[in-house]
Each structure stands twice: as structure tokens, then as C-alpha cells.
Amino acid sequence: DIRVYGLRERYYTLAREKGVVFVRYDDDHKPTVEPAGDGGLRVRVTDVSVGEELELDADLVVLSTGVVPSEGAEELGSVLKVPTTEEGFFLEAHVKLRPVDFASDGIFMAGLAHWPKHIDEAIAQAEAAAGRAATILAQDTLRVGGVVAVVDPEKCTGCLTCVRMCPYGVPRIEPTAVGVGGIKGAAYIEPAQCHGCGTCAAECPAKAIQLMHYKDEQIDAKIEALFAA
């Protein structure tokens, strides 16, 4: 079952012009290989196009093995908090807009970590990942948006709700912070890493997290102004 895309279709066409014979089979009629009397190999395969079994005497049989994800890829994804596909390869943030980025900023992918691909594609993707990393490393300072979540430690109970719910894995428990009732340990959100999605602010049972520019008082004021108009 040969699948080609883009300009690689011409290689398949060229091979047929050179005399290469392609035989298509299905899962119910897989080829079998057995020794031949002359020391070679005999391949038996059912051509589903014509519905007949073929016997091919071959001097050499070469198998193309499938590509699978590296061992530990899923565990690494869990550590870095980056998603993987059903097959176990890493998943980009956006197939067109951010093809080498993860949803977590500052982490990039290339090559077979992404999915099976040719060498020229892997090289191009590696160059793209290096270029994306260079845009960050070349800056003396990084500017972030003003819409970030901020924790009021005096209200935080250290329940870990924000840690579990954040899709980017940004909140963490700061052991030196003092929470409600004088307990040691309160949530902390690094502003430079926060994406401003507001999930933690919405889920916090103690209302200890506020999303800047979208505080409860601001939202209430906007609603009152809307009805007043």
C-alpha cells in the first residue's frame, strides 16, 4: 500500500516507467516467503487487482519496517507537559501556524519525534526549530502580555486545583509562601509562562486567583455598564 505525497508522486511514476512492478495485496492475503529449490526465495502473493495468486522467484527479499515512537516518548511528554498523538509521536501546537512549536512555550520538535518522515524533511524541520529557538535566545528581555493570572497567597489553601487544571502546567506550589491560616505552601504562577487562559481563576474554589484585566470587579462593572446603557 504505497502512499506518496507532493512531488514524490513522480518517483513512483518513474519506477513504473523503468519496469518496476507493483503488486497490491490486502490484509487477508499477505505475501508468504519460502525457500526455493535453487537456493533462492519464492514469494507467493495474491494480486487483489486481478484476483490471482502470483509466484515470484527472488534472489533477495528486502522488508521495509515501520517506524514507531522512541521508548519513553510518552513519559517525556508527561514530564515536559507536551501532548502526543494516539500513535505516540509528539503533537505540534498548530500544523500550519506553529509546525515546530509545542503549546508550552520554549519547547520545539523536529524529525522522527514528530512523525515518520524523509531526511530532507527532518533537516528542514530541524532548521526551523533552531530558527524559532534563536528568536528567543537573541532577545535580552522577553515581553509578555498583561493578561496573566495572579495568586493571592492569603486566600490560597494549597488544594492543587490550579496545578491539576492548567493545560500548560504553569501553577506550582511555592513552599516558602504562607497560605490561608498560616499554612506553609501556596500556589504561585510565573507571569512569563502564563498564557492568560483563565482556567485556574475559574476553577479555584477559594477564589484566590484573579486574571489581570478580567478581575471580578472589572467584569461586574462591565455588566452593570451594559445594563445601564
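First things first, this report covers the structure right here in the doc.

Cut-off values and rules
- Residues numbered from 1 in each chain as written.
- Predicted model: local features only at pLDDT ≥ 70, side-chain atom pairs only at ≥ 80, totals over all residues.
- Heavy atoms only, no water.
- Helix = DSSP H or I, 4+ residues; strand = E, 2+ residues; numbered from the N terminus.
- Buried < 20%, exposed > 50% of the residue type's maximum accessible area, 1.4 Å probe, protein only.
- Core = buried A, V, L, I, M, F, W, Y, C linked by side-chain atoms within 4.5 Å.
- Contact = heavy atoms within 4.5 Å.
- Polar contact = N/O pair within 3.5 Å; in protein donor to acceptor, adjacent residues only side chain to side chain.
- Salt bridge = Lys/Arg side-chain N within 4 Å of Asp/Glu carboxyl O.
- Pairing = 2+ DSSP bridges.
- Axes fitted to C-alpha atoms, helices over the stretch in contact; angles between N-to-C directions.
- Patch = residues over 30% accessible without salt bridge, like charges linked within 9 Å, V, L, I, M, F, W, Y side chains within 5 Å.
- Areas by Shrake-Rupley, 256 points an atom, 1.4 Å probe, with all protein chains shown as cover.
- Phe/Tyr/Trp six-rings, centres within 6.5 Å; stacked < 30°, edge-to-face > 60°.
- Lys NZ or Arg CZ within 6 Å of the ring centre and 35° of its normal.

Take the environment of Gly182 next. Relative to the helices and strands, Gly182 resides in the loop between strand 5 (172-178) and strand 6 (184-188). With a relative accessible area of 51%, Gly182 lands in the exposed category. Measuring from C-alpha to C-alpha, the distance between Gly182 and Asp140 comes to 38 Å, with 42 residues separating the pair along the chain.

The next subject is the nonpolar core. Soluble globular proteins tend to pack their nonpolar side chains together in the buried interior. Of all hydrophobic cores here, the largest spans 18 residues; its most connected members are Ala149, Val151, Cys156, Ile189, Cys200 and Ile209. Among the elements of the structure, strand 4 (149-151), strand 6, helix 5 (199-203) and strand 7 (209-211) are those that each provide at least two residues to this core. With residues near it in sequence (within four places) discarded, Cys200 still touches Ala149, Cys162, Ile189 and Ile209. Within the second largest apolar cluster, 5 residues are counted, among which are Ala73, Phe90, Phe102 and Met109.

This part takes up the side chain of Gln210. Here Gln210 shows up in strand 7. Residue Gln210 is classed as buried on the basis of its relative accessible area, which comes to 19%. Engagement of the side chain of Gln210 in a polar contact is seen with the backbone nitrogen of Asp216, the distance being 3.1 Å. When residues no more than four places from it in sequence are discounted, the contact partners of Gln210 are Val148, Ala149, Val150, Lys215, Asp216 and Glu217.

For the structure on display, the rule yields 8 salt bridges. With a shortest N-O distance of 3.0 Å, Arg8 and Asp120 are connected by a salt bridge. Of this pair, Arg8 sits in the segment before helix 1 (9-17) while Asp120 is found in helix 3 (residues 119-137), placing the two residues 112 residues apart along the sequence. The network of salt bridges with shared partners includes Glu34, Arg42, Arg44, Glu55 and Asp57.

On to the environment of Pro153. Looking at the element boundaries, Pro153 is found in the loop between strand 4 and helix 4 (161-165). Between the C-alpha atoms of Pro153 and Val180, which are 27 residues apart in sequence, the distance is 6.9 Å. Beyond its immediate sequence surroundings of up to four residues, Pro153 is in contact with Val178, Gly179, Val180 and Ala186.

This brings us to the sheet that holds strand 2 (residues 41-47). Two pairing modes exist for strands in a sheet, parallel and antiparallel, and in both the strands are linked by backbone hydrogen bonds. The strand order across the open sheet built from 3 strands is 1-2-3, with neighbouring strands paired in antiparallel fashion. Because the sheet does not close on itself, it has two edges, and the strands there are strand 1 (32-35) and strand 3 (52-58). The average angle at which neighbouring strand axes cross in this sheet is 25°, direction not considered. Here 7 bridges tie strand 2 to strand 3, and the two strands are oriented antiparallel to one another. Across the sheet, residue Thr46 finds its bridge partner in strand 3, namely Glu53.

Moving on, we get to a nonpolar patch on the surface. There is a patch of nonpolar side chains on the surface, built from Val147, Tyr214, Ile219, Ile223, Leu226 and Phe227 and spanning about 600 Å² of accessible area. Structurally, Ile219 is set in helix 6 (residues 216-228).

By the definition in use, this model includes 2 aromatic pairs. Ring geometry for Tyr12 against Phe22: centres 4.8 Å apart, planes inclined by 55°, an arrangement best described as tilted. With Tyr12 in helix 1 and Phe22 in the loop between helix 1 and strand 1, the pair connects residues that are 10 residues apart, well separated along the chain. Consider the rings of Phe90 and Phe102, whose centres lie 5.8 Å apart with planes at 85°: the pair is edge-to-face. Remark: Phe102 occurs in the loop between helix 2 (73-80) and helix 3 and Phe90 occurs in the loop between helix 2 and helix 3; sequence separation between them is 12 residues. Over the face of the ring belonging to Tyr11 we find Arg10, whose NZ or CZ atom lies 5.5 Å from the ring centre.

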